[in-house]
Amino acid sequence: MCDAKHKHMLHAVNLSRTKMEEGCGGPFGAIIVKDGEVMSEGWNKVTSSNDPTAHAEVSAIRAACEKLGTFNLAGCEIYTSCEPCPMCLAAIYWARLDRIYYANSREDAAAIGFDDQFLYDEVAKPIRDRSLPCEHLDLGEARDVFAAWDAKEDKIAY
């Protein structure tokens, strides 16, 4: 493993241990790197913040976006102590990060009680077949808002 990659991965892994031992949440840490420099750190804060979306990767993305003043993290890479869950993976795509490096696999996470396979399976199903009932309420007012966005000349596309 390249020295820089090893150093960054070790940073994310050490962060996962430190924050877990401090009682912040589960054993997950992540950093975002741009041009070899750490832009942000994130760790699991689910139980300490009562926020189910406060995963390490999402926390690192939020911090990097704030620091860099942008929602587009192209040119950055994420190092995470574990393969991202479906929510974090989607956030990484939305943030347009260039690459993911991870240490533990989703199978490793499942072995200690963090099994995301259910979510991977649910997302792949047609909406009508998912275990969480979803009902489409077709409102013209909602379409009107989308039409207004589509016509908005000063919108910032993302």
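That block above? That's the structure.
None of the values given here were measured: they were computed from a predicted structure.

When its secondary structure is counted, the protein shows seven helices and four strands. Oriented by its inertia axes, the alpha-carbon framework of the protein measures out at about 55 × 40 × 30 Å. Counting across all 158 residues of the protein, residues that qualify as buried make up 31%. Here the analysis covers contacts within the protein between residues at least 6 apart in sequence; of these, 47% occur between residues at least 24 apart. Per element, the accessible surface of the protein, about 10300 Å² overall, is 56% carbon and sulfur. Side-chain charges of the protein comprise 17 positive and 26 negative groups, with the mean position of each set lying 3 Å from the other.

Looking now at the pairing of strand β1 (residues 29-34). In terms of burial, β1 is largely enclosed, as five of its six residues are buried. Sheet topology places β1 next to strand β2 (residues 37-43); six bridges connect them, and they run antiparallel. Within β2, the position partnered with Gly29 by the bridge is Trp43. Counted between consecutive antiparallel strands, the loop separating β1 from β2 contains two residues, among which Asp35 sits at a positive phi close to 50°. Two strands pair when backbone bridges link them, and β1 and strand β3 (residues 76-82) are joined in this way by five bridges, in the antiparallel orientation. Bridging across to β3, Ile31 finds its partner in Tyr79.

What follows covers a nonpolar patch on the surface. A contiguous nonpolar surface patch, about 650 Å² in accessible area, is contributed by Phe71, Trp94, Trp149, Ile156 and Tyr158. Locating Tyr158 in the fold gives a position in the segment after α7 (140-151). Of the residues examined, Tyr158 reaches a relative accessible area of 59% and is grouped as exposed.

Here the focus is unusual backbone geometry. Of note in the backbone geometry, Asn50 takes a positive phi value of approximately 55° without being a glycine. By secondary structure assignment, the location of Asn50 is in the loop between α2 (46-49) and α3 (56-68). Exposure remark for Asn50: the relative accessible area of 69% places this residue in the exposed category. Although it is not a glycine, Arg96 adopts a positive phi angle of roughly 65°. Looking at where Arg96 falls in the secondary structure, it is placed in the loop between α4 (86-95) and β4 (99-104). What makes Arg96 partly exposed here is its relative accessible area of 31%.

With that settled, the discussion passes to the pairing of β4. Each regular strand carries side chains that alternate between the two faces of the sheet. One ladder, built from five bridges, connects β3 with β4; its direction is parallel. Across the sheet, residue Tyr79 finds its bridge partner in β4, namely Tyr101. Read as a crossover between parallel neighbours, the route from β3 over α4 to β4 is right-handed.

For the rest of this paragraph, the subject is the packing of aromatic side chains. Under the defined criterion, the tally for this structure stands at four aromatic pairs. Between Tyr79 and Tyr101, the aromatic rings sit 4.5 Å apart at their centres with planes inclined by 15°, giving stacked as the arrangement. One end of the pair, Tyr79, is in strand β3; the other, Tyr101, is in strand β4, with 22 residues separating them in the sequence. Residue Tyr79 is classed as buried on the basis of its relative accessible area of 3%. You can call Tyr101 buried: its relative accessible area is 16%. Among the aromatic residues, those joined into a ring-pair cluster are Phe71, Trp94 and Tyr158. Directly above the aromatic system of Trp43 lies the positively charged group of Lys45, at a separation of 4.7 Å from the ring centroid. Above the ring of Tyr120, the side-chain terminus of Arg106 is found at 3.9 Å from the ring centroid.

Each value, and the rule that gives it
Residues numbered from 1 in each chain as written. Predicted model: local features only at pLDDT ≥ 70, side-chain atom pairs only at ≥ 80, totals over all residues. Heavy atoms only, no water. Helix = DSSP H or I, 4+ residues; strand = E, 2+ residues; numbered from the N terminus. Buried < 20%, exposed > 50% of the residue type's maximum accessible area, 1.4 Å probe, protein only. Contact = heavy atoms within 4.5 Å. Areas by Shrake-Rupley, 256 points an atom, 1.4 Å probe, with all protein chains shown as cover. Lys, Arg positive; Asp, Glu negative; His and termini not counted. Charge placed at Lys NZ, Arg CZ, Asp CG, Glu CD. Pairing = 2+ DSSP bridges. Patch = residues over 30% accessible without salt bridge, like charges linked within 9 Å, V, L, I, M, F, W, Y side chains within 5 Å. Salt bridge = Lys/Arg side-chain N within 4 Å of Asp/Glu carboxyl O. Right-handed = clockwise from strand over helix to strand, strands pointing away. Phe/Tyr/Trp six-rings, centres within 6.5 Å; stacked < 30°, edge-to-face > 60°. Lys NZ or Arg CZ within 6 Å of the ring centre and 35° of its normal.

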